[in-house]
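# Examining the three-dimensional arrangement
So you can see what is in the structure, the chains are spelled out below.
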Amino acid sequence: MHNVLLCETKTPFIKENIISTLGSEKVLQPSSEKLTFEPHTSAVALASTKRSAAWGSEKGLLPTAVIYVDGHQGRLKLRCWNTLDKTLRSFWETENISEEQSIISDELSYCEKHFEKTHFRKPCGRYSVSLPFKENIQENVNLGDSRSIASKRLDQLSRLLDRDPILNNLYTKFIEEYLSLDHMEEITNIDDITSEEGFFLPHHGVLRAGNRSRPLIVIFNISQKTDLDISPNDVLCKGGVIQDDLFFIMLRARKHAYFFSCDISHMFRKIEIHPHQRHFQKILWKKGLNEPVQIFKLKTVTYGTTPACYLSTRVL
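So, here is what we can say about the structure in this document. Everything numeric in this text was worked out from a predicted model, so none of it was measured.

For helix 3 (residues 106-118), which comprises 13 residues, the first-to-last C-alpha distance of 18 Å matches the rise-based estimate of 18 Å (1.5 Å per residue) to within 8%. Within helix 3, burial applies to L108, C111, H114 and F115. One face of helix 3 carries all of its buried residues, which in axial projection span an arc of 125 degrees. The outward face of helix 3, more than 90 degrees from its buried face, is lined by the exposed residues D106, K113 and K117. On its buried face, helix 3 is in contact with strand 9 (127-129) and helix 9 (308-315).

What follows is the structure, encoded as structure tokens:
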């Protein structure tokens, strides 16, 4: 409760209209000791006593708001006061770091159960995870024809690489690195080559001028729609954010004399996808404009897939 005290006049109250600066109105009855009204949501106790502002200071009260009273004898000015201990308590409540558990969405709960059931660690130390399809979607879902548009994009890319030797060299090195690190595998079985199951990822490169460590970024477009107007990202769960907020991370860091901040090289590509789901991550590639087309499966978590951030953070 706030105590509202008369601070600029000693004129007796008649029947006055209380008009607060917050827009609330209440009728003040003559000789009432207390009258309660609500500006917005906070209840305020109005004491119709003829005391001055000095009284509030003597009692250790703090000014919090101003209320004006319109009556027959002119406008009177009232000042709201609050106790020092309540003001301090409100301050610490505002500044307090909440320890309440964050609310887990249904999707995140589903992804957590899916991850616990399907992930495992290989003898080499790598983790293998399963892509979390939405609950109403089967893993053998038919996404339609994606090969046609992936083939068109490859032809466009090949013509671009043929005109730009620097870009061609960087792109070829990227593909060779992907293969050498065992992050993708070539499809050689004739049945798998002709199969339309899964999804073919269109891809293109983005040059980053001035970046010596990674001058080229290859983007796999897993949101590309097929002839059925659907993409893999439409049927995959996003998961959710499972790491703490940056604020809490920085607070923990301040407790230590030293801490390190760094990037994890190939973070997503350190995590493998189960073999039976890799046909959703197929790409087309050819070494030259007139070279034959090769088909590859990406074996690891691919940047741009809806659950990529969740899966990589969850494994960490």
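Here the narrative resumes.
Moving on to the pattern of salt bridges. Applying the stated criterion to the full structure yields eleven salt bridges. One salt bridge connects R126 with E272, and the closest N-O pair in it is separated by 3.4 Å. Taken together, the positions of R126 in the loop between strand 8 (120-121) and strand 9 and E272 in strand 13 (residues 271-273) put the pair 146 residues apart, joining distant regions of the chain. On the basis of relative accessible area, R126 is assigned to the partly exposed category, the value being 21%. Judged by its relative accessible area of 4%, E272 is buried. With a closest N to O distance of 3.7 Å, R278 and E185 form a salt bridge. Note that R278 is positioned in the loop between strand 13 and strand 14 (282-285) and E185 in strand 10 (residues 184-186), a separation of 93 residues in sequence. Connected via shared salt-bridge partners are K122, R126, E185, E272 and R278.

With that settled, consider the nonpolar core. By size, the foremost hydrophobic cluster in this structure holds 44 residues, and its most contacted members are V129, Y171, F220, W285 and V301. Broken down by element, this core gets its largest block of residues, five residues, from helix 5 (residues 165-180). Ignoring any residue separated from it by four or fewer positions in sequence, one finds F220 in contact with F174, Y178, L201, P202, H203, I283, L298, T302 and Y303.

Close contact between helix 4 (residues 147-163) and helix 5 brings their axes to 5 Å; oriented N to C, the two are set at 120 degrees. Taken as axis vectors, helix 4 and helix 5 run oblique relative to one another. Across from L157, L160, L161 and R163 in helix 4, the residues of helix 5 making contact are P165, L167, N168 and Y171. Per-class residue counts for the contact of helix 4 with helix 5 are six nonpolar, one polar and one charged.

Calculation criteria
- Residues numbered from 1 in each chain as written.
- Predicted model: local features only at pLDDT ≥ 70, side-chain atom pairs only at ≥ 80, totals over all residues.
- Heavy atoms only, no water.
- Helix = DSSP H or I, 4+ residues; strand = E, 2+ residues; numbered from the N terminus.
- Expected span 1.5 Å × (residues − 1).
- Buried < 20%, exposed > 50% of the residue type's maximum accessible area, 1.4 Å probe, protein only.
- Arc of directions from axis to C-beta.
- Contact = heavy atoms within 4.5 Å.
- Salt bridge = Lys/Arg side-chain N within 4 Å of Asp/Glu carboxyl O.
- Core = buried A, V, L, I, M, F, W, Y, C linked by side-chain atoms within 4.5 Å.
- Axes fitted to C-alpha atoms, helices over the stretch in contact; angles between N-to-C directions.
- Parallel < 35°, antiparallel > 145°, perpendicular 65-115°, else oblique.
- Nonpolar A, V, L, I, M, F, W, Y, C, P; charged D, E, K, R; others polar.

Interpretation in functional terms is not warranted from these geometric data alone.
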